[in-house]
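# Structure at a glance
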Amino acid sequence: MTNIISIYNLSKAFDGKKLFQNFNFTVKKNSVHALIGANGAGKTTLLRLLTGLYEPDEGKISVSGKHAMLLENDYLYEDKTGLENLKIFGLYFGYYVKDYKKYSDSLNITEHLLKRVSTYSKGMKRKLSILIVILINSEIIYLDEPTSGVDPLSRVEIRKIIQKLKEEGKTILITSHDLSEIEKSADYVTMIENGKVVFNEDIDNIKGTTLEELFIKEGGDYE
Ligand SMILES: Nc1ncnc2c1ncn2[C@@H]1O[C@H](COP(=O)(O)OP(=O)(O)OP(=O)(O)O)[C@@H](O)[C@H]1O
């Protein structure tokens, strides 16, 4: 499998403090790759570097394809319905709203789309944001904490949609603190700490030990 994302020798500092130094990282095309690490490890910053929001100080970042990103927080029009949100974001991003049903059914939010977002639970808002990101139909999908604050049933639905996207040929890079969820949905896991790769594994190679055990062994302060 070819690499769709390659980071070579990245350095990035904030206010003179180095976060990433000689950092190397690759993501295989059409895989589900998880980035884990304690608070402040650099996961969101890495996504910002990949999406061009931040410039590297040194090194090379190569991304072969268009991306869309689920942000850490949901930015939705609370006083509009779910469907109206889909339409508004469709205007911004240039997607056709008619293509949404197969995904909204999998996410189990179709029947809620005529309700105002202000009546939604955190899980429903997260799923609506994910639906918008999916409809953008880019090759690479970044999901920053997709299951944070989400109920167990919605977590299963989000996991299923990630697999569906993979079957459609997408590449998905997820940041998460939800290690049991990552074990179920990722093909590859990279743990970062203080801007360094602590381990980078094929999920099949860590079977027998849990990600949580590995995380603690490698020094992360898992909450
Ligand atoms: N624009 C910025 N200016 C100054 N410091 C920054 C900036 N962006 C990120 N940082 C610093 O980089 C470090 C990593 O933050 P980041 O949000 O990437 O961590 P994270 O792994 O995503 O954490 P969390 O799990 O809490 O979301 C933090 O110490 C943060 O203060």
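Now for a description of the structure that goes with this document. Here the structure is a predicted model, which means the values were calculated and not measured.

Procedures and definitions
Residues numbered from 1 in each chain as written. Predicted model: local features only at pLDDT ≥ 70, side-chain atom pairs only at ≥ 80, totals over all residues. Heavy atoms only, no water. Helix = DSSP H or I, 4+ residues; strand = E, 2+ residues; numbered from the N terminus. Rg over C-alpha atoms; globule rule 2.2 N^0.38 Å. Buried < 20%, exposed > 50% of the residue type's maximum accessible area, 1.4 Å probe, protein only. 1 Å grid on protein atoms, 1.4 Å probe; cavity = no way out; pocket = protein on both sides within 12 Å on 5 of 7 lines; lining within 4 Å. Points joined across faces, edges and corners; volume = space filled by probe spheres on them. Nonpolar A, V, L, I, M, F, W, Y, C, P; charged D, E, K, R; others polar. Contact = heavy atoms within 4.5 Å. Expected span 1.5 Å × (residues − 1). Near = heavy atom within 4 Å. Polar contact = N/O pair within 3.5 Å; in protein donor to acceptor, adjacent residues only side chain to side chain. Areas by Shrake-Rupley, 256 points an atom, 1.4 Å probe, with all protein chains shown as cover. Sits in = over half its atoms within 2 Å of the grid points. Pairing = 2+ DSSP bridges.

Counting secondary structure elements, the protein contains seven helices and nine strands. In terms of overall size, the protein behaves like a compact globule, its C-alpha atoms giving a radius of gyration of 18 Å where 223 residues would be expected to give roughly 17 Å. In terms of overall dimensions, the protein has C-alpha extents of about 50 × 40 × 35 Å along its principal axes. The 223 residues of the protein split such that 48% are buried.

Moving on: the layout of surface pockets. Here the largest pocket is characterised by a volume of approximately 520 Å³. In terms of lining, the largest pocket is formed by 22 residues, of which the most central are Met69, Leu70, Leu71, Tyr75 and Val133. When contributions to the lining of the largest pocket are tallied by element, the ones reaching two or more residues are helix H1 (43-50), strand E5 (67-70), helix H2 (82-93) and helix H4 (122-135). Counting residues per element, the lining of the largest pocket draws most heavily on E5, at four residues.

To find the voids left in a structure, one rolls a probe of water-molecule size over its atoms. Evaluated as defined, the whole model comprises one cavity of 30 Å³ or more. By volume, the largest cavity amounts to about 60 Å³. Looking at the largest cavity, the residues that line it are Pro146, Thr147, Ile158, Arg159, Ile162, Ile174, Ser176, Glu181, Ile182 and Ser185. Residue assignment for the lining of the largest cavity shows that the elements contributing at least two residues are helix H5 (152-167) and helix H6 (179-185). Looking at the lining of the largest cavity residue by residue, the class counts come to five nonpolar, three polar and two charged.

Turning next to the side chain of Ser138. You can see Ser138 is positioned in the loop between H4 and strand E6 (140-144). Relative accessible area serves as the criterion here: at 3%, Ser138 is assigned to the buried category. Once you skip the residues sitting within four places of it in the chain, Ser138 turns out to touch Lys66, His67, Ala68 and Lys170.

Attention now moves to H4. Between the first and last C-alpha of H4 there are 20 Å, a value that for 14 residues agrees with the 20 Å anticipated at 1.5 Å per step. The element H4 is extensively covered by neighbouring structure, given that 13 of its 14 residues are classed as buried. Positive backbone phi, at 60 degrees, marks Asn137, one or two positions downstream of H4.

Take unusual backbone geometry next. Here Asn108, not a glycine, exhibits a phi torsion of approximately 60 degrees, which is positive. Structurally, Asn108 is set in the loop between helix H3 (101-106) and H4. Take Asn108: its relative accessible area is 39%, and that puts it in the partly exposed class. Non-glycine residue Glu145 carries a positive phi angle of around 55 degrees.

This part is about the site of the ligand. Around the ligand, 14 residues are found, and the nearest of them are Gly40, Gly42, Lys43, Thr44 and Thr45. A distance of 2.9 Å is found between an oxygen atom of the ligand and a backbone nitrogen or oxygen belonging to Thr44. Between Thr45 and the ligand, the recorded distance is 2.5 Å, taken from a side-chain N or O atom to an oxygen atom. Notes on the ligand: free accessible area 640 Å², of which the protein chains cover 64%. Applying the majority rule of atoms within 2 Å of the grid points places the ligand in the second largest pocket. Counting residues per element, the shell around the ligand draws most heavily on H1, at three residues. Considered class by class, the residues forming the shell around the ligand number five nonpolar, six polar and three charged.

Attention now moves to the pairing of strand E1 (residues 3-14). Relative to strand E2 (residues 17-28), E1 runs antiparallel, the two being bridged by eight bridges. Paired with Ile7 across the bridge in E2 is Phe25. Counting the residues in the hairpin turn of E1 and E2 gives two residues, including Asp15, whose phi is positive at 50 degrees. Pairing of E1 with strand E4 (residues 58-63), which is carried by five bridges, proceeds in the antiparallel orientation.

Looking at where Asn205 falls in the secondary structure, it is placed in the loop between strand E9 (196-202) and helix H7 (211-217). Taking the C-alpha atoms as reference, Asn205 lies 9.5 Å from Tyr188; in sequence the two are 17 residues apart.

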